[in-house]
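# Residue-level structural notes
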Amino acid sequence: MNQTEKDLLEQVTIDAPWALVESFATFKREHPDDVNRGMDEVVDTLRGHGVEVQVHEPELYLSLPGQARVEADGTTFRAKPPAYAVNTPNGLSGPLVYIPGTTNMDEEDAFESQLEASAEMEAKVRGKIVLTEGFASPAIISLMGTCGAIGVIAINPGVDIHWGICTTIWGTPGTDDLPNKPTIPAAAVNFESGQALRAIAEAGGEATIFTEMEEGWFTSKLPEITIPGTEEPEKYVLLHGHLDSWDVGVGDNATGDASMLEIARVLWANKDKLRRTVKIVWWPGHSTGRYAGSTWYSDTFALDLDANCVAQVNCDSPGCRWATEFLNVSVMSENHDYLAQVIKDVCGKELHSERPHRAGDYSFNNIGLSGYLMLSSAMTDAHREELGYYAVGGCGMNIAWHTENDTLEIADKDILLRDIKVYLLAVFRNANAAVLPQDWRATAREFQDTLATYQTEAGDAFDLSDAKAASDSLLSKLNAFYDGVADGSVSEARANIVIQDLARILVPLNFNRSDRFRHDPALTIPPLPALDQASKIAATPADLQGFGRTQLVRGQNHVIAGMRSAETLIERVAGV
């Protein structure tokens, strides 16, 4: 760490961010009016520090959950409806069927479902209300709606019930997305209620779901700070996080809002030391619009993001109680070593990363922005197990996540101060690096590993050797490129053009099914998604394998063409 970085981190204090956390702990930020109140407080505080703020006011389409309950066998069970569930204030009744779900919850289950569609599943659930373990996720609601269920009751794994959102549509729907809106009511219950309902289902009983939902267009404030760089002001790092929350949402995400507030204060005071620009944005519509705020920004400023954004950094759930380590941190491969060094330099901790989920405010994969962080620090698995907690999707793994218990005690002053410094140094270094820190060799090696896994799963059913050869060639070209950067034969200016533009090719190749500038659904995106059929083809009935091979031929063409485009870029710009 150089002296400028040390001096910068020394300027971080906990006073202003903690004051925001304490304030946000006093009011809910679910309804857009309350979210706008929170946005106003952030803006007023920033302007009090002399920071210039632009406030956008997009119209976002949101779903606001109200009350819910489940009635069965003469008993009323407390429930919560996920956002975008169908409104059934007068109740929807039907036979109750139990489908075993995920009982050993891990972090992935906060975002995804392990169940799959099949003829057998459809026969079981058609015309029935499905009762299953897990969160009321878009994957499970979409699956059951497709299979003909008329409603879903999700059994949460503990004593509390978690709010969520059940639409697969990413952001405000476009016209083409409207047919994919959820068509059935859904509700979540706690574990005890779930067991009672399971007994009713297994006895052939019925249930009635009551949900109260408000859905429509809302004017939402969205503050944006632009801290100009001194050498390449058109290029920027985007730091972002959501301000709306479930209930008061201290750990998810008042602590993140406070972190960005302090980072904005410190960087604004040191803008003369920035090579590139830093933009900081607070999102509305995260919880009630499936990332509607970040999606609006991604759509509205897509061409500028495409031309000038060098990295996106998500700030969600830092500074939580007991979150001593950096575990399951979302990092794209090309950023792993860079972020690991930042964390080590700030606090001497190791980074344990994972592939980013199709979740959070990663609304920029379609454009091709390289990204890192979403959730940051977390408690250890051993501590979580000692407390009897299951894994969740935020709050440092405190199970207060998405409940009314996510209150002030979930935040930790010392951990928040440390995490602010991690985010600050990551953004500052990224903005100031002479050569952008993304190492695409790591991504090419990830491609090699993915292809090896897919080939093993496909066996003799499909040959991926052409894609393997393309990934080998890409890695060789990247090795030559980075060698040229190291020995000076590739200039910094040309290197940065290549590194930024490689993101526009390789991120969508690895994280997107749709065309650029369109948003994939909020469902799992496997690595190199054009080739994920390789993981299924060996188990496909023989009379259907021809269709799988056809899909894989097309997918392999897509992947190889993308890798060749990356090589051509390196040759054309860097002369390697």
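Small disclaimer: the values here were computed from a predicted structure and weren't measured. (Residues numbered from 1 in each chain as written. Predicted model: local features only at pLDDT ≥ 70, side-chain atom pairs only at ≥ 80, totals over all residues. Heavy atoms only, no water.)

Looking only at helices and strands, one finds 16 helices and 15 strands in the protein chain. Relative to the compact-globule value of 25 Å for 576 residues, the protein chain shows a C-alpha radius of gyration of 24 Å, a close match. Counting only contacts in the protein chain whose residues sit at least 6 apart along the sequence, the fraction spanning at least 24 positions is 82%. Surface summary for the protein chain: the accessible area is close to 21,400 Å², and the carbon and sulfur share equals 47%. (Helix = DSSP H or I, 4+ residues; strand = E, 2+ residues; numbered from the N terminus. Rg over C-alpha atoms; globule rule 2.2 N^0.38 Å. Contact = heavy atoms within 4.5 Å. Areas by Shrake-Rupley, 256 points an atom, 1.4 Å probe, with all protein chains shown as cover.)

It is worth spelling out helix H12 (residues 413–432) at this point. Because an α-helix completes one turn every 3.6 residues, residues spaced three or four positions apart along the sequence face the same direction. A rise of 1.5 Å per residue sets the reference length of H12, with its 20 residues, at 28 Å; its end C-alpha atoms lie 28 Å apart and thus fit the reference within 8%. The buried fraction of H12 is high, at 15 of 20 residues. Where H12 begins, one side-chain oxygen reaches toward the backbone nitrogen of Asp414, 3.0 Å away; that side chain belongs to Asp412. (Expected span 1.5 Å × (residues − 1). Buried < 20%, exposed > 50% of the residue type's maximum accessible area, 1.4 Å probe, protein only. Polar contact = N/O pair within 3.5 Å; in protein donor to acceptor, adjacent residues only side chain to side chain.)

Let us now look at the pairing of strand S13 (residues 326–330). Strand direction decides the pairing type here: S13 and strand S14 (residues 351–354), joined by 3 bridges, are parallel. By the bridge assignment for S14, Phe326 is matched with Leu351. As a crossover connection, the stretch from S13 through helix H10 (residues 336–347) into S14 is right-handed. (Pairing = 2+ DSSP bridges. Right-handed = clockwise from strand over helix to strand, strands pointing away.)

We now examine the sheet that holds strand S3 (residues 75–79). The 7 strands are arranged S3-S2-S8-S4-S5-S6-S7 in an open sheet whose pairing can be described as mixed. The open sheet is flanked by S3 and strand S7 (186–189), the only strands paired with a single partner. Here the strands of the sheet are splayed against their neighbours by 35° on average, with no regard to which way each runs. As paired strands, strand S2 (residues 59–72) and strand S8 (residues 206–219) are joined by 11 bridges and run antiparallel to one another. (Axes fitted to C-alpha atoms, helices over the stretch in contact; angles between N-to-C directions.)

It is worth spelling out the pattern of salt bridges at this point. Here the idea is simple: oppositely charged side chains can pair when their charged atoms come close. Counted under the stated rule, the structure contains 28 salt bridges. Notably, a salt bridge pairs Asp306 with Arg504, separated by 3.3 Å at the nearest N-O pair. Here Arg504 lies in helix H15 (residues 492–511) and Asp306 lies in helix H9 (residues 302–308), a separation of 198 residues in the sequence. When the shortest N-O distance is used, the salt bridge between Arg441 and Asp439 registers 2.9 Å. For Arg441, a relative accessible area of 22% gives the class partly exposed. Each of Glu231, Glu232, Arg275 and Arg276 takes part in one network of salt bridges that share partners. (Salt bridge = Lys/Arg side-chain N within 4 Å of Asp/Glu carboxyl O.)

Before going further, it helps to spend a moment on the side chain of Asp247. Summarising the element assignment, Asp247 is placed in the loop between strand S10 (232–242) and helix H7 (250–269). If sequence neighbours within four positions are ignored, Asp247 has contacts with Phe27, Lys28, Arg29, Glu30, Trp163, Thr403 and Glu404.

By the secondary structure assignment, His402 is in the loop between helix H11 (381–387) and H12. With relative accessibility at 14%, the residue His402 sits in the buried group. Among the polar contacts made by the side chain of His402, one reaches the side chain of Asp252 at a distance of 3.3 Å. Setting aside anything within four residues of it in sequence, one finds His402 in contact with Lys80, Ile161, His162, Trp163, Gly164, Trp246 and Asp252.

Once that is clear, we can look at the nonpolar core. Counting residues in each nonpolar core, the largest one holds 106 residues, and the members touching the most others are Ile225, Leu267, Ile280, Trp282 and Phe481. If near-sequence neighbours (up to four positions away) are discounted, Ile280 is found in contact with Pro223, Glu224, Ile225, Ile227, Leu239, Met260, Ile263 and Ala264. Membership of the second largest hydrophobic core comes to 23 residues, among which are Ile99, Met144, Val152 and Ile165. (Core = buried A, V, L, I, M, F, W, Y, C linked by side-chain atoms within 4.5 Å.)

At a minimum axis separation of 9 Å, H15 and helix H16 (residues 545–574) run at an interaxial angle of 175°. Our classification of the angle between H15 and H16 gives roughly antiparallel. Of H16, the residues touching H15 (which contributes Arg494, Ile497, Val498, Asp501, Leu502, Ile505, Leu506 and Leu509) are His558, Val559, Gly562, Met563, Ser565, Ala566, Leu569, Ile570, Val573 and Ala574. Here the residues of the contact of H15 with H16 are counted per class, giving 13 nonpolar, 3 polar and 2 charged. (Parallel < 35°, antiparallel > 145°, perpendicular 65-115°, else oblique. Nonpolar A, V, L, I, M, F, W, Y, C, P; charged D, E, K, R; others polar.)

What follows concerns H7. When the terminal C-alpha atoms of H7 are compared, their 27 Å separation across 20 residues agrees well with the 28 Å that a helix rising 1.5 Å per residue should span. Burial within H7 is extensive, with 18 of its 20 residues counted as buried.

Our next topic: unusual backbone geometry. Residue Asn253 is reached from Asp252 by a cis peptide bond, and omega for that bond is 20°. Note on placement: Asn253 falls in helix H7. We note that Tyr84 has phi near 75°; this positive angle belongs to a residue other than glycine. Despite not being glycine, Leu373 shows a phi value in the positive range, around 70°. Relative to the elements of secondary structure, Leu373 occurs in the loop between strand S15 (371–372) and H11.

Let us look at the confidence of the model for the protein chain. Taken over all residues, the pLDDT of the protein chain has a mean of 96, while the share at 70 or more is 98%. Here residues 105–110 is modelled with pLDDT under 50, and outside its nearest four sequence neighbours on either side it reaches 23 contacts, counting other chains as well. (pLDDT = per-residue confidence, 0-100.)

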